[in-house]
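Next come the chains, spelled out residue by residue.
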Amino acid sequence: MARYSSPREIFGQIVLEITTRIGCGVGCRFCPQSRLASAYSARGEGRRPEHLMTLDTFAACVERLPAYVEIDFSGFAEPWLNPDCTKMLRHALERDRRVRVHTTLQGVEISDAAVLAAVPPDKIGWFSLHLPSRDAGLERFRIDGEYLEVLHLILDARRDVKLVYHGSGVDARVENLLARHGIQLTQPRRTHTRAGNVICPTCKR
Ligand code: SF4
């Protein structure tokens, strides 16, 4: 993490984005995953680079990070596709760090959802959920009973969650769940070109 990422300012707050793994199974069509994987491997300089961040690596980075830097679980992969992500989140919170979460909830189990639901509001700088699109082939979400239950638990517990989606709307099962929570979505997130992977008239460059 320390070699490939530096803290930067986001809306006036200094933030370090954490990529907990290389390779994201969500496979959004607009995300340059293969370019990232090639670039990361090429930087191994003869050594085999770590593809799945370990809790030890995470802890070592947190140790060196100034207290004012928020730790942003986001980066170039779904953070919870690393099975140690909840332990990393806990580790950060136990050290009184403020965190940010950007997640698709893929890889989040019920026990993880309980931890996410319980992050104190004063410890979270941003919490966004990327919801599955209804457009076939845009992303590869697994939408099963556990995913829907996890989503329900988070929506039930938190009022600070920002919801984003891409394409023409969200998956119908998710739309039903949102309706049960009294949530009506408005605009989709404006997709940007992501290293030229998305070409469309409305894309942000
Ligand atoms: S979930 Fe995020 S990191 Fe993963 S493929 Fe989609 S946009 Fe890329």
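A quick note: this is a predicted structure, and the numbers were derived from the prediction, not measured.

S.K.: It is not clear to me how the nonpolar core should be interpreted in this structure. Could you clarify?
M.R.: Most often, soluble globular proteins keep nonpolar side chains buried together rather than apart. One finds Phe73, Leu89, Val99, Leu105, Val150 and Leu151 to be the most contacted residues of the largest nonpolar core, which totals 28 residues. Residue assignment for this core shows that the elements contributing at least two residues are β2 (13-18), β3 (70-73), α3 (85-94), β4 (99-103), α4 (110-117) and α5 (145-157). The contacts of Leu105, once residues within four sequence positions are left out, are Leu129, Tyr147, Val150 and Leu151.

S.K.: What should I look at first to understand the site of the ligand in this one?
M.R.: By nearness alone, every residue bordering the ligand is listed as Cys24, Val26, Gly27, Cys28, Cys31, Gln33, Phe76, Ala77, Glu78 and Thr104. For the shell around the ligand, the class distribution of residues is six nonpolar, three polar and one charged.

S.K.: I tried to follow α5 on my own but got confused; where do I start?
M.R.: Because the α-helix completes a turn every 3.6 residues, residues three or four places apart line up on one side. Taking 1.5 Å as the rise per residue, α5 with 13 residues should run 18 Å; its terminal C-alpha atoms sit 18 Å apart, in good agreement. Of all the residues in α5, the buried ones are Tyr147, Val150, Leu151 and Ile154. Within α5, the buried residues cover an arc of 100 degrees as seen down the axis, which keeps them to one side. Exposed and oriented more than 90 degrees from the buried face of α5 are Gly145 and Asp156. Looking at the buried residues of α5, the elements they touch are α4 and α6 (172-180).

S.K.: What exactly am I supposed to notice about the sheet that holds β4 here?
M.R.: Sheet strands line up and pair through hydrogen bonds in the backbone, either parallel or antiparallel. What the six strands build is an open sheet, ordered β1-β2-β3-β4-β5-β6; its pairing is mixed. Whereas interior strands pair on both sides, the edge strands pair on one side only; in this sheet they are β1 (8-10) and β6 (162-164). Neighbour to neighbour, the strand axes of the sheet diverge by 30 degrees on average, direction disregarded.

Rules used throughout
- Residues numbered from 1 in each chain as written.
- Predicted model: local features only at pLDDT ≥ 70, side-chain atom pairs only at ≥ 80, totals over all residues.
- Core = buried A, V, L, I, M, F, W, Y, C linked by C-beta atoms within 7 Å.
- Buried ≥ 20, exposed ≤ 12 C-beta atoms within 10 Å, placed from the backbone.
- Helix = DSSP H or I, 4+ residues; strand = E, 2+ residues; numbered from the N terminus.
- Contact = placed C-beta atoms within 7 Å.
- Near = placed C-beta within 6 Å.
- Nonpolar A, V, L, I, M, F, W, Y, C, P; charged D, E, K, R; others polar.
- Expected span 1.5 Å × (residues − 1).
- Arc of directions from axis to C-beta.
- Pairing = 2+ DSSP bridges.
- Axes fitted to C-alpha atoms, helices over the stretch in contact; angles between N-to-C directions.

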